[in-house]
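An overview of the molecular structure
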Protein chains: 2
Amino acid sequence: MNLTIEQAKEQLYYLQKKAAAYEHALGLIYYDGSTCAPKGTAQNRAQSLSVLSEEIYKITTDEKNIELLEFLDENKEKLNEKERRMVYLLLKDIREMRKIPMVEYVEYEQLLAIADDVWHTAKQENNFELFAPYLEKIFETNKRFAMYVEPGKDPYDYCLSKFEEGLNKKTLDEFFSKVRNGIVPLLKKISQVPQVDDSIRRGSFPEKQQEELSYYLMKLIGLDLDHVGLSTTEHPFTTSLGSHFDERITTHYHEDDFVSSMYSVIHEGGHALYDTGSADDLAYTVLDGGMYMSIHESQSRFYENIIGRNKEFCEYVFPFLQKLFPDEMKGKTAGDLFKAVNKAEPSLIRTEADELTYSLHVMVRYELEKKVMAGEIEVKDLPEEWNRLYKEYLGVDVPDDKHGVLQDSHWSGGLIGYFPSYALGNAYGAQFLNKMKQTVDFEKCIREGNFEPINIWNRENIWQYGGLYTPKEILDRVLGEDFNADYYIEYLNKKVNDIYSV
Amino acid sequence: MNLTIEQAKEQLYYLQKKAAAYEHALGLIYYDGSTCAPKGTAQNRAQSLSVLSEEIYKITTDEKNIELLEFLDENKEKLNEKERRMVYLLLKDIREMRKIPMVEYVEYEQLLAIADDVWHTAKQENNFELFAPYLEKIFETNKRFAMYVEPGKDPYDYCLSKFEEGLNKKTLDEFFSKVRNGIVPLLKKISQVPQVDDSIRRGSFPEKQQEELSYYLMKLIGLDLDHVGLSTTEHPFTTSLGSHFDERITTHYHEDDFVSSMYSVIHEGGHALYDTGSADDLAYTVLDGGMYMSIHESQSRFYENIIGRNKEFCEYVFPFLQKLFPDEMKGKTAGDLFKAVNKAEPSLIRTEADELTYSLHVMVRYELEKKVMAGEIEVKDLPEEWNRLYKEYLGVDVPDDKHGVLQDSHWSGGLIGYFPSYALGNAYGAQFLNKMKQTVDFEKCIREGNFEPINIWNRENIWQYGGLYTPKEILDRVLGEDFNADYYIEYLNKKVNDIYSV
């Protein structure tokens, strides 16, 4: 290379700035597809996405970039820690990308753009057959790409490690077995005592007031509304556009139940806190924002459950709910809210599931992905297998695919291997809480609606680093002990005891 | 070139498809900035826009593309009419673009992204000084780019011809003088008779009902809602994203006056009809959608005024208004609506101006742009000159810059030379109407709420061709006679007579 290290570093940053701009464009086209776009425009988006993906592919896999990165890799000692990590991640990405033929990569992007649209229709019309051919192609492509990139590795392990470096079926099988053994006895206990009354959540809650609640909650948990936007979509999600300086969360309002959107907003708000908490000098680099999904979910579910479903939190927000919905809250108390949002019972919809049963919903998806990726079942068998596992794990009968296999957007978005992050995130969060409580008066913060000490702890320990460390490194640095799902089981036991006095 | 004509043609289409994808991305980033984006994110958008503009610049001015286009140009006889036009326009664009240094082009795109944000704040805070440095740079860049591209040409003529091939100050001076001579006597006549009562438009009109009205109007005039979306923004506009298959219009609701958004929607709807009326085989080429702004405005203002402010139209929509706003419409008639939306009186805000005085608002902007571009006045003098001309042409006193020089978004968007298109569009529209009436029973269509015959006429004569013909060619083909502003003056005379019986 005819470059000095300084010139090469400059190019390294420019390369990432360019990638960030393309990601901004692609991300926004997807975001627009879920928010503003008229419903007949998916094909048009697919056209643009395919062109832009092809451009990214060409830019990313360009020989000159690889030379640049290899040159920097050979001169590692002259790079700082962040730059070394950037070079490592970029090279890894390029080497993987180059193993996938461009035409297949572009076709896959195009497929996803259309699949999302088809999934929407299929869900609306309760028609799995409509979606099946697309889902088949998605699974098939994931298998194929896994074979291209790591031919020696199990394809599903490859998918899992995309979302969490080093994660595999072996680890997850053990983890889920522990989780299941912890949760099932609790569910049994609950079934033997009177169920709590959750009537507080039902009634008539106009979208306008619910939107007000959304902004109130976003501000309360410490989001900077100058940099975090809110929209409504079929399925709530969070995305960064260009950098952590522009973050979007979405929600879905149900006018007969305010709790659904309320906790969506806190959940997505947790994702947004994590992303926007990146150190500013990470912006426009690959390290910007939260990179690993289990850590991401540990944050989103920390805010949603550990904070949002805490007794003190319910007490803090209740007066605001009374102001927003005076008629519906008449005669109700903060204690009613606390019980309602913690009511544990087997149900059909993951995003609406209570804290206790949630990880069982995730297990179903994990088992199904594992089987399809291993060729043990076919996509066409998914509805039946889904329903069977819901009966087995949760004891519920799935009435139709809309409330079953078609409920989530993840598969249509190509996110095979993502679901386990939710359950891992739950467990990480419980262990983080234990550690945080050693230096932060957690309950007092919530009681006073003062999230700053909690956010500072999270920012200092987790958020600021973006993608600088792997999940394992983050856990090691923060916890000073091994990951241990017992904290999670213990946390659930305590919660069930608080609510059901069992 | 080592290509067959067929291969070269294929590359020609691919090149345009690529450009369309980049335009989609850039257009969407701007659209998002006006619709969903949190307010602190302009800098972040500017970053991505600058990278993507640089990429477009590189792609567009790539030596290989020029070789390709020149090869096709040399083999014109083997191309069809559309392909010849594509090659002509692309070569023209590239040759112009190559005269502008890339760094300046990119800086300008970045400037515009920020200027739009600054303009929003400046307007809100009634602070022209905040916006002035940006506007200076915008005018200065327009002058500089004009010198780069056509050094022999007057810089403002260059700006004008960007929006309408061949347009210049000489033509416009004559046109505006005719317009002014036609309008001023009418204004004088009106001032001598009692003013009409427009109280029907004032009251309390919730956004939700107004939104319902928007969708009703969009459907009524024949927009395909599967491909045309509606959002709210500070300043209404229309944009295509990627192709005419995805069109967006925006509006701004004033809860104390439903007429404002109502006619915005019809206006932007006219733009959208024109864009989406392109022949489908023009999609993803430079010929897609309406290309010239005067023709564009002829369509938007045809729907807004010639149709929307027609007596039959007011009668047709009135029952729907009664249903939407039963209290506010009590005791009112369609005739009241007709009078209210045609009330002519000198005013401050262009977008709210009546049909009669509208072109005078445009004249003010034309005169000011002409003077700044000629160096006769400076940007800092604009507020004073603005206010002086409003007094001179319209006889009104401008109370502050928010209601004066800061009212429009065009300058912050870099659209120097655009405004005259509005006035030309008015005049073209009146002449189109005269021609249309020879074969279409115009009043009957509107009376019956059946826009199909009108839309078919426009589609066959104008829309389907997209950018295939220049405005002059369109006028020649459609009218079979020269452009003549007399039709417009005559139309205004008749309208004033209907409303004021003068």
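Right, let's walk through the structure included here.

What counts as what
- Residues numbered from 1 in each chain as written.
- Chains lettered and ligands numbered in written order.
- Predicted model: local features only at pLDDT ≥ 70, side-chain atom pairs only at ≥ 80, totals over all residues.
- Heavy atoms only, no water.
- Helix = DSSP H or I, 4+ residues; strand = E, 2+ residues; numbered from the N terminus.
- Rg over C-alpha atoms; globule rule 2.2 N^0.38 Å.
- Buried < 20%, exposed > 50% of the residue type's maximum accessible area, 1.4 Å probe, protein only.
- Contact = heavy atoms within 4.5 Å.
- Areas by Shrake-Rupley, 256 points an atom, 1.4 Å probe, with all protein chains shown as cover.
- Lys, Arg positive; Asp, Glu negative; His and termini not counted.
- Charge placed at Lys NZ, Arg CZ, Asp CG, Glu CD.
- Salt bridge = Lys/Arg side-chain N within 4 Å of Asp/Glu carboxyl O.
- Axes fitted to C-alpha atoms, helices over the stretch in contact; angles between N-to-C directions.
- Parallel < 35°, antiparallel > 145°, perpendicular 65-115°, else oblique.
- Least-squares fit on C-alpha atoms with pLDDT ≥ 70 in both.
- Buried area = accessible area lost by both parts, 1.4 Å probe.
- Polar contact = N/O pair within 3.5 Å; in protein donor to acceptor, adjacent residues only side chain to side chain.
- Nonpolar A, V, L, I, M, F, W, Y, C, P; charged D, E, K, R; others polar.
- Pairing = 2+ DSSP bridges.
- Expected span 1.5 Å × (residues − 1).
- Left-handed = near helix turned anticlockwise from the far one by under 90°.
- Phe/Tyr/Trp six-rings, centres within 6.5 Å; stacked < 30°, edge-to-face > 60°.
- Disulfide = S-S within 2.5 Å.

This paragraph deals with the overall build of chain A. A count of helices and strands for chain A gives 21 helices and three strands. Over its C-alpha trace chain A gives a radius of gyration of 23 Å, about what one expects of a compact globule, namely 23 Å for 502 residues. For chain A, the spread of C-alpha atoms along the principal axes amounts to about 75 × 50 × 45 Å. Counting only residues that meet the buried cut, chain A has 60% of its 502 residues in that class. The long-range fraction of contacts in chain A, counting pairs at least 24 apart against all pairs at least 6 apart in sequence, stands at 75%. Only carbon and sulfur atoms are counted for the fraction: they give 47% of the accessible area of chain A, which is about 19,800 Å². Computed over 58 positive and 86 negative side-chain charges, the separation of the two mean positions in chain A equals 3 Å.

This next bit is on the pattern of salt bridges. Evaluation of the coordinates by the stated rule reveals 85 salt bridges over all chains. The residue Arg144 of chain A makes a salt bridge to Glu104 of chain A at a minimum N-O spacing of 2.3 Å. One end of the pair, Arg144 of chain A, is in helix α6 (residues 128-149); the other, Glu104 of chain A, is in helix α5 (residues 102-124), with 40 residues separating them in the sequence. Residue Glu104 of chain A is classed as buried on the basis of its relative accessible area of 17%. In this structure, Glu392 of chain B and Arg180 of chain B form a salt bridge, with 3.8 Å as the shortest nitrogen-oxygen distance. Placement of the pair is Glu392 of chain B in helix α16 (residues 382-394) and Arg180 of chain B in helix α8 (residues 169-191), with a sequence separation of 212 residues.

Let us look at the packing of helix α17 (residues 420-436) of chain A against helix α21 (residues 486-500) of chain A. In helix packing, the relevant descriptors are the interaxial angle and the interaxial distance, both defined with respect to the helix axes. Residues and elements named next belong to chain A. Across the interface, α17 lies against α21 with an axial gap of 7 Å and an inter-helix angle of 85°. If you check the angle between α17 and α21, you find them roughly perpendicular. Across from Asn426, Ala427, Ala430, Gln431, Leu433 and Asn434 in α17, the residues of α21 making contact are Tyr487, Tyr488 and Tyr491.

On to the relation of the copies chain B and chain A, then. Expressed as a screw transformation, the operator carrying chain B onto chain A has a rotation angle of 180° and an axial translation of 0.0 Å, and the superposed copies differ by an RMSD of 0.0 Å. What we have between these two chains is a two-fold relation. No C-alpha of chain B lies nearer the rotation axis than that of Ala25 of chain B, which sits 2.6 Å from it. A shared interface surface links the copies, since 100% of the contact residues of chain B are contact residues in chain A too.

Interfaces are often described in size by the accessible area the parts lose on coming together. Of the residues lining the interface, 41 residues belong to chain B; the matching set on chain A comes to 41 residues. With both sides pooled, the region where chain B packs onto chain A buries about 3,300 Å², and carbon together with sulfur makes up 56% of that total. Summed over the shared surface of chain B and chain A, the number is six salt bridges. With its nearest N and O atoms 3.5 Å apart, the salt bridge here joins Lys18 of chain A to Glu55 of chain B. Where chain B packs against chain A, one counts 23 residue pairs in polar contact (both at pLDDT 80 or more). Contributions of two or more residues to the side of chain B that touches chain A are made by α1 (5-34), α2 (42-60), β1 (228-232) and β3 (243-251) of chain B. The dominant element in the side of chain B that touches chain A, judged by the number of residues it contributes, is α1 of chain B, at eleven residues. Taken together, the residues that form the side of chain B that touches chain A break down as 18 nonpolar, eleven polar and twelve charged.

Before going further, it helps to spend a moment on the sheet that holds strand β2 (residues 238-241) of chain B. Residues and elements named next belong to chain B. An order of β1-β3-β2 is seen for the three strands of this open sheet, with the pairing classed as mixed. The sheet is open, and its two borders are formed by β1 and β2, each paired with just one other strand. The mean angle between the axes of side-by-side strands here comes to 30°, regardless of whether they run parallel or antiparallel. Both β2 and β3 contribute to a ladder of four bridges, which runs antiparallel. Paired with Thr239 across the bridge in β3 is Arg248. Most of the contacts of helix α9 (residues 207-220) go to β1, to which it runs at about 150°, and overall it touches β1 and β3.

Moving on: the pairing of β2 of chain B. For a regular strand, the rule is simple: side chains alternate between the two faces of the sheet. By the alternation rule, side chains of β2 of chain B split into Thr239 and Leu241 of chain B, which are all buried, and Thr238 and Ser240 of chain B, of which none is buried. Remark: one residue form the turn of the hairpin made by β2 of chain B and β3 of chain B, two consecutive strands paired antiparallel; Gly242 of chain B in that turn has positive phi of roughly 85°.

Residues and elements named next belong to chain A. The end-to-end C-alpha distance of helix α12 (residues 311-324), which contains 14 residues, comes to 20 Å, matching closely the 20 Å that a straight helix rising 1.5 Å per residue would cover. All buried positions along α12 are accounted for by Glu312, Phe313, Cys314, Val317, Phe318, Phe320, Leu321 and Leu324. Looking at the buried positions of α12, the neighbouring elements they touch are α9 (207-220), α10 (258-276), α11 (293-307), α13 (326-329), α14 (334-340) and α18 (442-447).

Glancing now at the packing of α9 of chain A against α12 of chain A. Residue and element names in this part refer to chain A. Where α9 meets α12, the axes come as close as 11 Å, and the angle between the chain directions of the two elements is 145°. In this structure, the crossing between α9 and α12 has a hand that is right-handed. Between α9, through Gln209, Glu212, Leu213, Tyr216, Leu217 and Leu220, and α12, the contact on the second element is made entirely by Phe313, Tyr316, Val317, Phe320, Leu321 and Leu324. Tallied by class, residues from the contact of α9 with α12 come to ten nonpolar, one polar and one charged.

To continue, consider the packing of aromatic side chains. All names here are of chain B. The final tally for this structure, using the stated rule, is 55 aromatic pairs over all chains. An angle of 75° between the planes, with centres 6.0 Å apart, marks the rings of Phe302 and Phe442 as edge-to-face. Here Phe302, found in helix α11 (residues 293-307), pairs with Phe442, found in helix α18 (residues 442-447); they are 140 residues apart in sequence, far enough to count as distant. An identical accessibility class is assigned to Phe302 and Phe442; each is buried.

We now examine the sheet that holds strand β2 (residues 238-241) of chain A. Residues and elements named next belong to chain A. Strands sit in the order β1-β3-β2 across an open sheet of three strands; the sheet is mixed. Edge strands, defined here as strands with exactly one partner in the open sheet, are β1 (228-232) and β2. Geometrically, the sheet is characterised by an average inter-axis angle of 30° between neighbouring strands, direction not taken into account.

To continue, consider the state of the cysteines. Scanning the model with the defined rule gives zero disulfides over all chains in all. As a non-bridged cysteine, Cys36 of chain B has Cys36 of chain A as the owner of its nearest cysteine sulfur, 3.7 Å distant.

Interpretation note: all reported values are geometric properties and have no functional meaning in isolation.
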